[in-house]
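Inside the fold
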Amino acid sequence: MPDLITLFSYSFMQRALLVGLLVAPCAALLGVSLVLRRFSMIGDGLSHVGFGALSLAFALQVTPLPVALPVVILAAFWLLRLSENSKIQGDSAIALISSSAIAFGVVITSLSNGMSTDVYDLMFGSILAVGKDDLRLSLFLSAAVLIVFICFYRKIFAITFDEGFSKTAGIRVRFYTMLIAFLTTVTIVVGMRIMGSMLISSLIIFPALTSMQVFRSFRAVTICAVVLSVIAFGVGLLLSFWFSLPTGATIVLVNLCFFLLFGLWKKCR
């Protein structure tokens, strides 16, 4: 088992850690608001759309992130419009879009090179998947998500807890709902390279649910979720390398352990 200095002398580990340390807090920040507004499954639906978009990018042999980002953003806005303006309920719209996107990705893959290692990495994540171009774009996008969330924290807090009062107070609820969806989309697309399209939504949901078991205030839950998300990512990344485990799945299992430990702590209290 290599020591930490040796471990992070590898360039791919450095890239994975840098991206993860930005993606994890982004996912946790957005996850608190999404879970409280009962939009948590939107992350799962958009990650499946991301799989379809990345499959198309690999089939065309182009850089994945610039292809996936606009596709998933359009899917997020379409999903919200379906939920607001049609007879299709939110969970039904998510199921409709996500299943169609997976089917599209599988068909595109089968028509190009078949199920390859690259597609497996897209679905379940890999620390080797983050290239230098991905790193630059991921760092820029993740930093932008953090800055925008911090700048609009009060508005996001308001629409999360009382949408009706927010409308009365003159807050543009629809705009900020779209903003949350946009930030979630960016976080999902950036994190899919490490976590995989099937598991990235867990990075959004787990830290929020874990924190809510113990804390009650929005600020305390948010801070705890960010800390837990970063720790879980770091521990999962190390364990996946040391024991040759799938990266995304290992990070999810570490998050699950935190969830169970916090649940036990709650019962003891």
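Not measured: the values here are computed from a predicted model.

Moving on, we get to empty space enclosed by the protein. In the structure shown here, the tally under the stated rule is 1 cavity of 30 Å³ or more. Volume-wise, the largest cavity comes out at about 40 Å³. Forming the boundary of the largest cavity are Leu34, Arg37, Phe39, Ile42, Leu80, Thr177, Ile180 and Ala181. By residue number, the principal contributor to the lining of the largest cavity is helix H10 (residues 173-195), which donates 3 residues.

The next point concerns the nonpolar core. Soluble globular proteins: nonpolar side chains tend toward being buried together. Residues Val19, Val32, Ile42, Leu46, Met195 and Leu203 are the most contacted members of the largest nonpolar core, which totals 72 residues. In contact with Val32, not counting residues within four places along its chain, are Ala208, Met212, Phe218, Val221, Thr222 and Ala225. Residues Cys224, Ala232, Val254 and Phe262 belong to the second largest nonpolar core, which totals 7 residues.

This next bit is on the side chain of Thr184. Locating Thr184 in the fold gives a position in helix H10. For Thr184, a relative accessible area of 1% puts it in the buried group. Side-chain polar atoms of Thr184 contact the backbone oxygen of Ile180, separated by 2.7 Å. Those residues in contact with Thr184 that sit more than four places away from it in its chain are Leu30, Leu34 and Ile204.

For the rest of this paragraph, the subject is the packing of H10 against helix H11 (residues 200-212). In contact at an axis separation of 7 Å, H10 and H11 are set at 115° when each is read in the N-to-C sense. In contact with Thr184, Ile188, Gly191, Met192 and Met195 of H10, H11 contributes Ile200, Ser202, Leu203 and Ile204. When the residues that make up the contact of H10 with H11 are grouped by side-chain class, the tally is 6 nonpolar, 3 polar and no charged.

Cut-off values and rules
Residue positions are given per chain, counting from 1 as you read along its sequence in written order. Since the coordinates come from a predicted model, pLDDT governs what is reported: local features require at least 70, and pairs of side-chain atoms require 80 or more to be given and counted, while whole-chain, interface and lining totals use all residues. Hydrogens and water molecules were not included; the side-chain quantities draw on all heavy atoms of the structure. Here a cavity denotes a set of grid points, spaced 1 Å apart and computed over the protein atoms alone, in which a 1.4 Å probe fits but from which it cannot get out, and a pocket denotes an open set meeting protein on both sides within 12 Å along at least five of seven lines; residues with an atom within 4 Å of a point are reported as lining. Grid points are joined across faces, edges and corners, and a volume is the space filled by probe spheres set on the points. In DSSP terms, a helix is any run of H or I states spanning at least four residues, a strand is any run of E spanning at least two, and both are numbered starting from the N terminus. Among buried residues, the Ala, Val, Leu, Ile, Met, Phe, Trp, Tyr and Cys ones that are joined through side-chain atoms within 4.5 Å form a nonpolar core. Note on classification: 1.4 Å probe, protein chains only; a residue is buried when its accessible area is under 20% of the maximum for its type, exposed when over 50%, partly exposed between these limits. Whether two residues are in contact is decided by their heavy atoms, any of which lying within 4.5 Å being enough. Polar contact criterion, stated in full: a pair of N or O atoms within 3.5 Å, where within protein one must be able to donate a hydrogen and the other to accept it, and residues adjacent in sequence count only if both atoms are side-chain atoms. Every angle, taken between N-to-C directions, lies between 0 and 180 degrees, and every axis is a line fitted to C-alpha atoms, over only the stretch in contact when it is a helix. Charged residues are taken to be Asp, Glu, Lys and Arg, nonpolar residues to be Ala, Val, Leu, Ile, Met, Phe, Trp, Tyr, Cys and Pro, and polar residues to be all remaining types, Gly included.

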